[in-house]
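Fold and geometry: a report
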Amino acid sequence: SKHDVCAAAGLVREMVFILGRMGSIRQALTLIMSKLGDIEQAIEFVQGQQDDDLWDELINHSLDSPDLVGALLERIGLYIDPLN
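Calculation rules
- Residues numbered from 1 in each chain as written.
- Predicted model: local features only at pLDDT ≥ 70, side-chain atom pairs only at ≥ 80, totals over all residues.
- Heavy atoms only, no water.
- Salt bridge = Lys/Arg side-chain N within 4 Å of Asp/Glu carboxyl O.
- Helix = DSSP H or I, 4+ residues; strand = E, 2+ residues; numbered from the N terminus.
- Buried < 20%, exposed > 50% of the residue type's maximum accessible area, 1.4 Å probe, protein only.

**A closer look at the pattern of salt bridges**
Taken as a whole and assessed by the stated rule, the structure comprises three salt bridges. Across the pair arginine 13 and aspartate 38 runs a salt bridge, and its minimum N-O distance is 3.6 Å. Pair noted here: arginine 13 is in helix H2 (residues 12-22) and aspartate 38 is in the loop between helix H3 (25-36) and helix H4 (39-49), with a separation of 25 residues, a long-range link. Look at aspartate 38 and you get partly exposed, because its relative accessible area is 21%. For the salt bridge of aspartate 51 with arginine 26, the shortest nitrogen-to-oxygen distance reads 3.5 Å. Highlighted residues: aspartate 51 in the loop between H4 and helix H5 (52-62) and arginine 26 in helix H3, separated in sequence by 25 residues. A single network of salt bridges, built from pairs that share partners, joins Arg26, Asp51 and Glu57.

**Concerning H2**
Within H2, burial applies to Val12, Met15, Val16, Ile18 and Leu19. Glycine 23, located one to two residues past H2, shows a positive phi value of around 90°.

Right, here's the structure in full:
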């Protein structure tokens, strides 16, 4: 499968794209955070999914790293309602 080809070649961004298109959005987000560590891409990805629960997932992924938490806090206010 295309997923296997991307995994074998180390094409993480391509794997994220394919997983997102397949509906495996949590797996795609996990790859963004664990393999790329790219908070900007993670925020853009979550924003594009229109899934409020995915924001919680992103926050949970970020809690292990003070740098990621800081970056997330700087940017997340534009995208989520803290009163929800």
